[in-house]
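# Tertiary structure, described
Here's the letter readout for the chains.
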Amino acid sequence: MKLEDAIHEKFKCVKCSGNICYIKEVAMTGTGLSKLFDIQNNHYLFVSCQNCGYVEVYNPRVLEGKSRGQLGTVLDLLFG
């Protein structure tokens, strides 16, 4: 299962308890040479509740670095 699919399946907003979300991947430059050459090496997932608009930011490298069993546990902790 893709990370985005797992987030959609487990999502529950901490503010309004909504269960539908929108996910946007955002890439940003870092500091130093990556900023000078505009290298987008930092990627994040912005997960927003479609009911109230509350946004949480996740690092996909951290979430994908977990094994499949651990990923479910991490998502359960994040989304209840």
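From a predicted model like this one, the values you see are computed outputs, not experimental measurements.

Attention shifts here to the overall build of the chain. Along its length, the chain carries four helices and three strands. Shown N-terminal to C-terminal, the secondary structure of the chain runs as helices and strands in the order α-β-α-β-β-α-α. A total of 80 residues make up the chain; the buried ones form 28% of that total. Look at the contacts in the chain between residues 6 or more apart in sequence, and 37% of them connect residues 24 or more apart.

Considering the arrangement of structural elements, one finds I20 in the loop between α1 (3-10) and β1 (21-28). The contacts of I20, once residues within four sequence positions are left out, are F11, S48, C49 and Q50.

The subject of this paragraph is the side chain of E56. Along the polypeptide, E56 turns up in strand β3 (residues 55-58). Here E56 occupies a buried position and makes no salt bridge, while the nearest side chain of opposite charge, K15, is found at 8.1 Å. Within the local environment of E56, its side chain forms a polar contact with the side chain of Y58, the two groups lying 2.2 Å apart.

Phi at S17 takes a positive value of approximately 70°, unusual for a residue other than glycine. Topologically, S17 is positioned in the loop between α1 and β1.

What follows concerns the nonpolar core. Ranked by size, the top nonpolar core spans eleven residues in total: L3, I7, F11, C13, C21, I23, L45, V47, C49, Y58 and L63. Of all the elements in the fold, those that place two or more residues in this core are α1, β1 and β2 (42-49). Top element by residues in this core is β2. It accounts for three residues.

What follows concerns the pairing of β2. Of the pairings in the sheet, the one linking β2 to β3 comprises four bridges and is antiparallel in character. Residue S48 lies in a different strand from β3, and its bridge partner there is V55. In textbook terms, the turn of a hairpin is the stretch between consecutive antiparallel strands, and for β2 and β3 this stretch comprises five residues, one of which, G53, has a positive phi near 90°.

Parameters at a glance
Residues numbered from 1 in each chain as written. Predicted model: local features only at pLDDT ≥ 70, side-chain atom pairs only at ≥ 80, totals over all residues. Heavy atoms only, no water. Helix = DSSP H or I, 4+ residues; strand = E, 2+ residues; numbered from the N terminus. Buried < 20%, exposed > 50% of the residue type's maximum accessible area, 1.4 Å probe, protein only. Contact = heavy atoms within 4.5 Å. Lys, Arg positive; Asp, Glu negative; His and termini not counted. Salt bridge = Lys/Arg side-chain N within 4 Å of Asp/Glu carboxyl O. Polar contact = N/O pair within 3.5 Å; in protein donor to acceptor, adjacent residues only side chain to side chain. Core = buried A, V, L, I, M, F, W, Y, C linked by side-chain atoms within 4.5 Å. Pairing = 2+ DSSP bridges.

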